[in-house]
Amino acid sequence: MADKRCANGHFIDESWDICPYCPPEPGASDVPVVRPRFENPRTEYSPARQAPEPPRRPTAAGATPARSMAEPVERTVAAVKIDAQSQTKRYVVGWLIGLNTSARGESYPVRMGRNVLGRDRRSDVCVNDDQASAHHADLVFRPDERRFILMDHNSTNGTYVNEAEIEPRRDLQSEDIIRIGSHKFLFLPLCGEGRYWDDEGLLK
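Analysis parameters
Residues numbered from 1 in each chain as written. Predicted model: local features only at pLDDT ≥ 70, side-chain atom pairs only at ≥ 80, totals over all residues. Heavy atoms only, no water. Pairing = 2+ DSSP bridges. Helix = DSSP H or I, 4+ residues; strand = E, 2+ residues; numbered from the N terminus. Buried < 20%, exposed > 50% of the residue type's maximum accessible area, 1.4 Å probe, protein only. Contact = heavy atoms within 4.5 Å. Phe/Tyr/Trp six-rings, centres within 6.5 Å; stacked < 30°, edge-to-face > 60°.

Trainee: Would you take a moment to explain the sheet that holds strand β12 (residues 177–180) for this structure?
Mentor: Picture the strands of a sheet paired through backbone hydrogen bonds; they go either parallel or antiparallel. Pairing is antiparallel in the open sheet, where six strands are placed in the order β4-β3-β13-β12-β9-β10. In this open sheet, the two strands that pair with only one neighbour each are β4 (107–111) and β10 (164–165). Here five bridges tie strand β3 (residues 92–98) to strand β13 (residues 183–189), and the two strands are oriented antiparallel to one another. Looking at the pairing, G98 lines up with F185 of β13.

The following block contains the structure:
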């Protein structure tokens, strides 16, 4: 609200020198009245005005500038194709059944290919016996010949089949008894002359 009054008592703005409401004096020149203009910077808006870009950090000579968050990043993922046919499936082709000691009544699968027998816990058939070597013997099944072959792996105390030491290998027959140290195992084949796994994984 204006708090300045002219000579005639009119309320006028403080910046005005001439009252626009008073009649002009005789002989006075026609002076235009300029009203003050108040600018509110909060309400002014220019469509062409844009936000300034953030300053970029200077990079050393030869260095690659960092990517902007809006720029897409290309990634290449290498696809590895695994051929299932190239991995030979180790089907179960027989069992060893523990006959005494702590292995009594336990069954151990015999799979296609080589099966390691020994004291090492990583063996296919772990023999927990002080007289057994870490890698004591190998039990191998040859699918093309359909043969089970037990081979001693240069053990200290030897490997026995039906209480006869093998030197150094022997073909196994159904219900042969294998002894390593004091542990005895009954051999029961699944595959043989009358039964085998075919190329399509079917038991015939």
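Trainee: Just checking my understanding: could you explain the sheet that holds strand β5 (residues 113–118) for this structure?
Mentor: With respect to topology, five strands assemble into an open sheet ordered β6-β5-β7-β8-β11, the strand pairing being mixed. Edge positions in the sheet fall to β6 (125–126) and β11 (169–171), since each of these pairs with one other strand and no more. Bridging between β5 and β6 involves two bridges; their strand directions are parallel. Considered in β6, the bridge of G118 is made with C126.

Trainee: Just checking my understanding: could you explain the side chain of S123 for this structure?
Mentor: Along the chain, S123 falls in the loop between β5 and β6. Relative accessible area serves as the criterion here: at 12%, S123 is assigned to the buried category. Here S123 is in contact with V116, L117, G118 and A134, once residues within four sequence places are set aside.

Trainee: Explain the pairing of strand β8 (residues 147–152) here, please?
Mentor: Along a regular strand, successive side chains alternate from one face of the sheet to the other. Sheet analysis places strand β7 (residues 137–142) next to β8, joined by six bridges and oriented antiparallel. Looking at β8, one finds that D138 is bridged to M151. A loop of four residues connects β7 with β8, the two strands running antiparallel in sequence, and R146 in this loop sits at a positive phi of about 55°. Looking at chain direction, β8 and β11 are connected through three bridges and run antiparallel. Within β11, the position partnered with L150 by the bridge is R170.

Trainee: For this particular structure, what's the right way to read the packing of aromatic side chains?
Mentor: Working definition: an aromatic ring pair is given by the centre-to-centre distance plus the angle between the planes. One pass over the structure, following the stated rule, counts three aromatic pairs. Aromatic pair F141 and F148: ring centres 4.6 Å apart, planes at 40°, arrangement tilted. Both residues of the pair, F141 and F148, belong to the buried class. Judged by centre distance (5.0 Å) and plane angle (65°), the rings of F148 and F187 are edge-to-face. A residue pair is termed long-range when its members are at least 10 positions apart, and F148 in strand β8 and F187 in strand β13 qualify at 39 residues. Since its relative accessible area comes to 5%, F148 is described here as buried.

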